Structure formats: structure tokens, C-alpha cells
Amino acid sequence: MRLILLGPPGAGKGTQAQFLIDEFGIPQLSTGDMLRAAIAAETPLGLEVKDIIARGDLVPDETVVGIISDRLDEEDCKNGFILDGFPRTTAQAEALEVLLEDKGLSLDAVVEIKADADTLVARILKRAAESGGAREDDNEEVLRNRLDVYEELTAPLVEYYSGKGLVKSVDGMAGIEEVTASIMKALKG
Ligand code: ADP
């Protein structure tokens, strides 16, 4: 199963990815997690992206495309994968298409988790408060920027993938288990 999880910050992509990992035995490829790991390890990549992420802007397309290309070649991706946080722009989606074509692979579905912005702000600020503000980009100002960036650059991907007949939309405002059930139903149906 080769999936993309699409949805604004705080929609529950990480939570649902966890379930899909167990259900299908495939890894979650989260560009956000990979970039944060690079920042924590103070690698050249981490230094390059640190300030961009702190502002809630997007890192350059070629940077994330390179990371994902390498990651897709790893052994654990041979039965599939869940892309979480990638692609995030039309250019990334087009690059992914070329990558997959070169590797002889195709996508099975793009799961769109729908959620409204105000609920997301409340949700993420609550998560940040409970975790002691672990993520530097989880303050209200940066968060509003991340949501704006999503609307402007990432939301158009719903149409992009709809045109390919791949999109399954679920209501991310429901409870966690309900969202999981909708995703399973959408993937099996
Ligand atoms: P969230 O979904 O909560 O906004 P992520 O963990 O997916 O957060 O990403 C955190 C940050 O990492 C983004 O705001 C952005 O700066 C950077 N990032 C992650 N994935 C990408 C990507 N595919 N393209 C560009 N920047 C990315």
C-alpha cells in the first residue's frame, strides 16, 4: 500500500499514520520528523532548514525531494509507505510522480483529512501546552502561518490528485477512532 496523508497541521496525520503502520506493516515517512531530526543532530541539512521551520515556512522543494528519494530506496519501503507531510507543493507532487515512475511504482491513494482552521489552532496549542512546548513552531503566530501556507500551497494538491482519481476524503473533526474507521472504509471501498 502506497499512500499519501494530506491535511493541515493538527489534522491528525501523525496519529492516523500510527494506525496505518500497524495495519499494513509499512513505514511512515514524515518529512517534518526527518527535518526535526536533522536539526537536533545539527547536520548541514538541519542548519539549512532550522530558521525556515521556526518561521513555519516551507523548506526548498529540492531539499525535501532529495530526502524522500533516498528514503524510498530503503529496504523497509518495499511493501509500501505512508507519506506524511510530503508532497506539500505542486512542484513536489510532480517530482514525486517522476521519482515513482523511475522506480516503477504508483500510488494507491491520497487520504485527505479535512479539518477547519480554528479547531486546529486550539488543538495544536493545547498539545503544545501539554508537551511543554516541545515544538518551536507550535506557537500561535507561526501556526497561523503554517495554516496559511497549507491553504495556499498544499490544499491545491487535493485537486491535483482528484484529477488522478486518487483522493479519499475523511472528516478529521470526528474522534480518533471514528477517523481511523473512515480511513479504513475509504481504503477498502
Ligand atoms: P505539520 O503538519 O504539523 O505542520 P510537519 O511536521 O509535517 O508539520 O512539518 C513541520 C515543518 O517542516 C513545516 O512547517 C515545514 O517548514 C517543514 N516541512 C516538512 N515537510 C515539508 C515539505 N514536504 N516541504 C517543505 N517543507 C516541509
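Refer to the structure above for everything that follows.
Report on the accompanying structure. (Residues numbered from 1 in each chain as written. Predicted model: local features only at pLDDT ≥ 70, side-chain atom pairs only at ≥ 80, totals over all residues. Heavy atoms only, no water.)

With the rule as written, the count across this model stands at 15 salt bridges. Arg-71 serves as the salt-bridge partner of Asp-76, at 2.8 Å between the closest nitrogen and oxygen. Residue Arg-71 is classed as buried on the basis of its relative accessible area of 17%. Taking the shortest distance from any N to any O, the salt bridge between Glu-97 and Lys-164 comes out at 3.2 Å. (Salt bridge = Lys/Arg side-chain N within 4 Å of Asp/Glu carboxyl O. Buried < 20%, exposed > 50% of the residue type's maximum accessible area, 1.4 Å probe, protein only.)

With that out of the way, let us pick up the nonpolar core. Counting 29 residues, the largest nonpolar core has Leu-83, Leu-96 and Tyr-161 as the members making the most contacts within it. Taken together, the elements giving at least two residues each to this core come down to strand E1 (2-6), helix H3 (44-55), helix H4 (61-72), strand E3 (81-84), helix H5 (90-102) and helix H8 (156-162). The element best represented in this core is H4, accounting for five residues. Those residues within four positions of Leu-83 in sequence are excluded, and the remaining contacts are Leu-3, Ile-4, Leu-5, Leu-29, Ile-68 and Leu-96. Within the second largest apolar cluster, 20 residues are counted, among which are Leu-5, Ile-26, Ile-82 and Val-170. (Core = buried A, V, L, I, M, F, W, Y, C linked by side-chain atoms within 4.5 Å. Helix = DSSP H or I, 4+ residues; strand = E, 2+ residues; numbered from the N terminus. Contact = heavy atoms within 4.5 Å.)

The local shell around the ligand holds 17 residues, among which Thr-31, Asp-57, Gly-85, Gln-92 and Arg-146 are the closest. Within the backbone of Gly-85, an N or O atom sits 2.8 Å from a nitrogen atom of the ligand. Here Gln-92 contributes a side-chain N or O atom positioned 2.9 Å from a nitrogen atom of the ligand. Burial of the ligand by the protein chains amounts to 96% of its free accessible area of 550 Å². (Near = heavy atom within 4 Å. Polar contact = N/O pair within 3.5 Å; in protein donor to acceptor, adjacent residues only side chain to side chain. Areas by Shrake-Rupley, 256 points an atom, 1.4 Å probe, with all protein chains shown as cover.)

What holds strands together in a sheet is hydrogen bonding between their backbones, with the strands either parallel or antiparallel. In space, the five strands of this open sheet follow the order E2-E3-E1-E4-E5, with parallel pairing throughout. In the strand order of this sheet, the two ends are held by strand E2 (28-30) and strand E5 (167-171), each with one partner. Averaged over all pairs of adjacent strands, the angle between their axes in this sheet comes to 20°, without regard to strand direction. Two strands pair when backbone bridges link them, and E1 and E3 are joined in this way by four bridges, in the parallel orientation. Pairing of Ile-4 across the sheet is with Leu-83, part of E3. Docked against the sheet, helix H9 (residues 176-188) engages E1, strand E4 (109-114) and E5, running at close to 160° with respect to E5. (Pairing = 2+ DSSP bridges. Axes fitted to C-alpha atoms, helices over the stretch in contact; angles between N-to-C directions.)

Here the focus is the packing of H4 against H5. Two elements in contact, H4 and H5, have axes separated by 10 Å at closest approach and are oriented at 30°. Considering their axes alone, H4 and H5 lie roughly parallel with respect to each other. The two elements H4 and H5 meet at a crossing, and its hand is right-handed. Together, Asp-61, Val-64, Val-65, Ile-68, Ser-69 and Leu-72 of H4 and Ala-91, Gln-92, Ala-95, Leu-96, Leu-99 and Leu-100 of H5 make up the contact between the two elements. (Parallel < 35°, antiparallel > 145°, perpendicular 65-115°, else oblique. Left-handed = near helix turned anticlockwise from the far one by under 90°.)

We now examine the packing of helix H1 (residues 13-24) against H9. Orientation of H1 relative to H9, taken along the N-to-C sense of each, is 50°, at an axis distance of 10 Å. Considering the angle they form, H1 stands oblique to H9. The handedness of the crossing between H1 and H9 is right-handed. Only Ile-176, Val-179, Thr-180, Ile-183, Met-184, Leu-187 and Lys-188 of H9 make contact with H1, whose side of the interface consists of Thr-15, Gln-16, Phe-19, Leu-20, Glu-23 and Phe-24. When its residues are assigned to classes, the contact of H1 with H9 shows eight nonpolar, three polar and two charged. (Nonpolar A, V, L, I, M, F, W, Y, C, P; charged D, E, K, R; others polar.)

Its boundaries defined by the atoms lining it, the largest pocket holds a volume of some 1000 Å³. Residue assignment for the lining of the largest pocket shows that the elements contributing at least two residues are E1, H1, E2, helix H2 (31-40), H3, helix H6 (117-130), helix H7 (140-154) and H9. Of the residues in the lining of the largest pocket, the class split is 20 nonpolar, 17 polar and twelve charged. (1 Å grid on protein atoms, 1.4 Å probe; cavity = no way out; pocket = protein on both sides within 12 Å on 5 of 7 lines; lining within 4 Å. Points joined across faces, edges and corners; volume = space filled by probe spheres on them.)

A complete count under the given rule lists one aromatic pair for this structure. Of note, Lys-164 hangs over the ring of Tyr-160, and the distance from its end group to the ring centre comes to 5.0 Å. (Phe/Tyr/Trp six-rings, centres within 6.5 Å; stacked < 30°, edge-to-face > 60°. Lys NZ or Arg CZ within 6 Å of the ring centre and 35° of its normal.)

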